[in-house]
Amino acid sequence: QVQLVESGGGLVQAGDSLRLSCDASGRIFNSYAMGWFRQAPGTEREFVAAIRRPSGITYYADSVKGRFTISRDNAKDTVYLQMNSLKPEDTAVYYCADSKTYYETYLAANRFNYWGQGTQVTVSS
């Protein structure tokens, strides 16, 4: 089992920055990747970013490329999502996820096995 706890969400204005954190515990030594997804009301959960273990190769949704950065601190078992130049359309609940399976890419929710409870990000215009 893996436990994931997100933090760092909040209410900001357009153009501001936020850094989300995902603290992982449990059986994380055999994770192949960790990712961030988001879900706005009335929409499906969508991919935001992912990072492979141990290579550190990253993937981003086109909508956040150049603005968001995913990173990890292996010593702390924490994954971060630095979000810059935030837009109102970034408003959503952001979820951290962990994958126990090797895939060529990690762009879909069904590639991940464990999920956090989510943290709300609201960007006002």
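Thresholds applied
- The residue numbers shown here count from 1 along each chain, following its written sequence.
- Totals for whole chains, interfaces and linings use all residues, but because this is a predicted model, local features are given only for residues with pLDDT of at least 70 and pairs of side-chain atoms are given and counted only at 80 or more.
- Side-chain numbers come from the whole structure's heavy atoms, not from hydrogens or water.
- Secondary structure elements follow DSSP: runs of H or I no shorter than four residues count as helices, runs of E no shorter than two count as strands, and numbering proceeds from the N terminus.
- Note on exposure labels: buried denotes an accessible area under 20% of the residue type's maximum, exposed denotes more than 50%, and partly exposed covers the range between, all computed with a 1.4 Å probe on protein chains only.
- Any two residues whose heavy atoms approach within 4.5 Å are treated as being in contact.
- Two cysteine sulfur atoms form a disulfide, by the criterion used here, when they sit within 2.5 Å.
- Any N or O atom pair separated by 3.5 Å or less is treated as a polar contact, with the protein-specific requirement of one donor-capable and one acceptor-capable atom, and with residues adjacent in sequence counted only for side-chain atom pairs.
- Pairing of aromatic rings covers Phe, Tyr and Trp, the last counted by its six-membered ring, and requires centre-to-centre distances within 6.5 Å; plane angles under 30 degrees mean stacked, over 60 mean edge-to-face, and any other angle means tilted.
- Counted as over-ring charges are cases with an Arg CZ or a Lys NZ within 6 Å of the ring centre that also lie within 35 degrees of the ring normal.
- When DSSP finds at least two bridges between two strands, those strands are taken to pair.

Asker: Help me out: how do you make sense of the overall build of the protein in this one?
Answerer: Secondary structure summary: the protein contains 0 helices and 11 strands in total. When the helices and strands of the protein are placed in sequence order, the string is β-β-β-β-β-β-β-β-β-β-β. For the C-alpha atoms alone, the extent of the protein along its principal axes is close to 40 × 25 × 25 Å. Here the protein, with 125 residues, has 41% of them falling under the buried criterion. Across the protein, contacts joining residues at least 24 apart in sequence account for 57% of those joining residues at least 6 apart.

Asker: What is the right way to look at the state of the cysteines in this model?
Answerer: Cysteine pairs can be linked by a disulfide, which is a covalent bond between their two sulfur atoms. Applying the stated criterion across every chain yields a total of 1 disulfide. With a sulfur-sulfur separation of 2.0 Å, Cys-22 is cross-linked through a disulfide to Cys-96. Between Cys-22 and Cys-96 the sulfur-sulfur dihedral comes to about -80°; the bridge is accordingly left-handed. One end of the pair, Cys-22, is in strand β3 (residues 18-26); the other, Cys-96, is in strand β9 (residues 92-99), with 74 residues separating them in the sequence. Considered together, Cys-22 and Cys-96 belong to a single accessibility category, that of buried residues.

Asker: Can you help me understand the environment of Asp-73 in this one?
Answerer: Its location among the elements puts Asp-73 in strand β7 (residues 68-73). Judged by its relative accessible area of 24%, Asp-73 is partly exposed. With 59 residues separating them in the primary sequence, Asp-73 and Ala-14 have C-alpha atoms 28 Å apart. A polar contact of 3.0 Å, which involves the side chain of Asp-73, links it to the backbone nitrogen of Ala-75.

Asker: What am I meant to see in the packing of aromatic side chains here?
Answerer: Each aromatic ring pair is summarised here by two numbers: the centre-to-centre distance and the angle between the ring planes. All told, the structure shown has 7 aromatic pairs when counted by the stated rule. Of the aromatic side chains, those joined through ring pairs into one cluster are Phe-37, Phe-47, Tyr-103, Tyr-106, Phe-112 and Trp-115. A cation sits over an aromatic face here: Arg-45 above Tyr-95, 3.8 Å from the ring centre. Against the face of Trp-115 rests Arg-45, its NZ or CZ located 4.8 Å from the ring centre.

Asker: How should I be thinking about the pairing of strand β1 (residues 2-7) in this particular structure?
Answerer: For a regular strand, side-chain orientation follows a simple rule: the groups alternate between the two sheet faces. Alternating residues of β1 divide into Val-2, Leu-4 and Glu-6, all buried, and Gln-3, Val-5 and Ser-7, none buried. Where β1 and β3 come together, 6 bridges link them in antiparallel fashion. Each residue of the ladder has a partner; that of Ser-7, found in β3, is Ser-21.

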